[in-house]
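As a plain string of letters, each chain reads:
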Amino acid sequence: MNHASFKFSHEGELNNSIIYILIAIILIFFIIEEYLGGSKNALTLLNLGANSKELVLQKNQYYRLITSMYLHAGLMHLFFNCYVLYSFGNFLFSILGNKNFLLVFFISGICGSLASVFLSKASISVGASGAIWGFLGATLALSVFPSYYIADYYRNILLKTTGINIAINLGISLLPMIDIWAHLGGGISGFILTWFIISEPKSYFRKTKHVIKNILLYILLALNLICLTYVLFINLYTKYLNY
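Note that the structure is predicted; figures quoted are calculated from it, not measured.

Conventions adopted
Residues numbered from 1 in each chain as written. Predicted model: local features only at pLDDT ≥ 70, side-chain atom pairs only at ≥ 80, totals over all residues. Heavy atoms only, no water. Helix = DSSP H or I, 4+ residues; strand = E, 2+ residues; numbered from the N terminus. Buried < 20%, exposed > 50% of the residue type's maximum accessible area, 1.4 Å probe, protein only. Contact = heavy atoms within 4.5 Å. Areas by Shrake-Rupley, 256 points an atom, 1.4 Å probe, with all protein chains shown as cover. Polar contact = N/O pair within 3.5 Å; in protein donor to acceptor, adjacent residues only side chain to side chain. Expected span 1.5 Å × (residues − 1). Arc of directions from axis to C-beta. pLDDT = per-residue confidence, 0-100.

## What about the overall build of the protein chain?
Move 1: Within the protein chain, the secondary structure is distributed over ten helices and zero strands.
Move 2: Listing the helices and strands of the protein chain from first to last along the sequence gives α-α-α-α-α-α-α-α-α-α.
Move 3: For the C-alpha atoms alone, the extent of the protein chain along its principal axes is close to 60 × 40 × 30 Å.
Move 4: Per-residue burial over the protein chain gives 48% buried out of 243 residues.
Move 5: Taking contacts inside the protein chain between residues at least 6 apart in sequence as the whole, the part at least 24 apart equals 77%.
Move 6: Accessible area of the protein chain: about 12600 Å², with a carbon and sulfur share of 70%.

This is the structure in structure tokens:
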């Protein structure tokens with residue numbers, strides 16, 4: 001695809017190192033999973049912050065809505081999500097820019113976790129798939145709604161490609177042991193959020209929209225840092241200090 005045909009977001013210099021940072025965090029947590037008992041060990045995953053309907057709704061452990069995005073069950077799960085995050089993430093990042101990309105990742109991941117809690121029958125759920133499905137929803141919004149982010153001609157091409165990707169991934173989501181509700185929650189939220197991002201408000205609302213996005217992003221960054229630090233501290237304290 002000809003990147004010259006896209007009108008990139010200019011919210012500061014583009015630097016896709018954020019994608020490598022996200023992948024690094026996921027890999028670090030996977031190593032910790034294996035060290036503490038195995039990435040397919042339900043107790044280990046729960047200790048590290050896996051999503052759980054019971055623990056979120058009855059024990060008010062809301063941090064799991066965030067920490068579960070960085071956990072993966074097995075090498076195949078890890079490899080697939082990291083690969084898609086890198087390849088698909090770089091494509092979306094080149095169009096939306098730093099801040100918008102992170103907003104889609106964080107909000108889609110959390111909405112996917114919420115959908116899993118309220119709609120899924122799974123006892124526990126882990127993975128960045130909700131956020132990745134948010135990328136699918138984002139590309140659908142980019143291809144459906146005209147904007148300065150992408151030329152009209154390439155919107156039509158992107159729509160066909162996105163339709164095929166959604167169909168394939170929807171088929172995969174119907175397989176056993178796959179949390180389809182987390183996928184759909186992430187995809188729908190990614191679509192709505194990207195529509196908000198690329199829409200052109202009246203001039204007197206543009207500054208307000210920019211401020212809202214910045215405040216929301218800083219809150220989400222802080223929440224991710226706090227939640228990830230919390231689960232690491234709890235597990236390290238339990239293993240090394242609480243004897």
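From this point, the discussion proceeds with the structure in view.
## Some thoughts on the side chain of Ser147
Move 1: Tracing the backbone shows Ser147 in the loop between α7 (129-144) and α8 (152-173).
Move 2: A relative accessible area of 17% means that Ser147 is categorised as buried.
Move 3: A polar contact of 3.3 Å, which involves the side chain of Ser147, links it to the backbone nitrogen of Tyr149.

## Brief notes about α8
Move 1: Under the 1.5 Å per step criterion, the end-to-end length of α8 is 31 Å for 22 residues, consistent within 8% with the ideal 32 Å.
Move 2: What α8 keeps buried is the set Tyr154, Arg155, Leu158, Thr162, Asn169 and Ser173. Down the axis of α8, the buried side of the element spans an arc of 90°, and every buried residue falls inside it. Opposite the buried face of α8, by more than 90 degrees, sit the exposed residues Tyr153, Lys160 and Ile164.
Move 3: Buried residues in α8 make contact with α5 (75-96), α7 and α9 (180-198).

## Considering the confidence of the model for the protein chain
Move 1: Residue-level pLDDT values for the protein chain average 88, and 90% of them are 70 or greater.
Move 2: Mean pLDDT across the elements of the protein chain ranges from a minimum in helix α10 (residues 203-241), with 85, to a maximum in helix α4 (residues 64-67), with 97.
Move 3: Residue range residues 1-13 is modelled with pLDDT below 50. Its contacts to residues more than four positions away, or to other chains, number 30 contacts.

## A word on helix α1 (residues 17-36)
Move 1: Here α1 spans 29 Å end to end across 20 residues, near enough to the 28 Å set by a 1.5 Å rise per residue.
Move 2: Where α1 is concerned, the buried positions are Ile18, Ile19, Leu22, Ile23, Ile26, Phe29, Phe30 and Glu33. Along the axis of α1, the buried residues cluster in a sector spanning 140°; they form a single face. Across α1 from its buried face, at more than 90 degrees, point the exposed residues Ile31 and Tyr35.
Move 3: Backbone geometry just after α1 places Gly37 at a positive phi near 150°.

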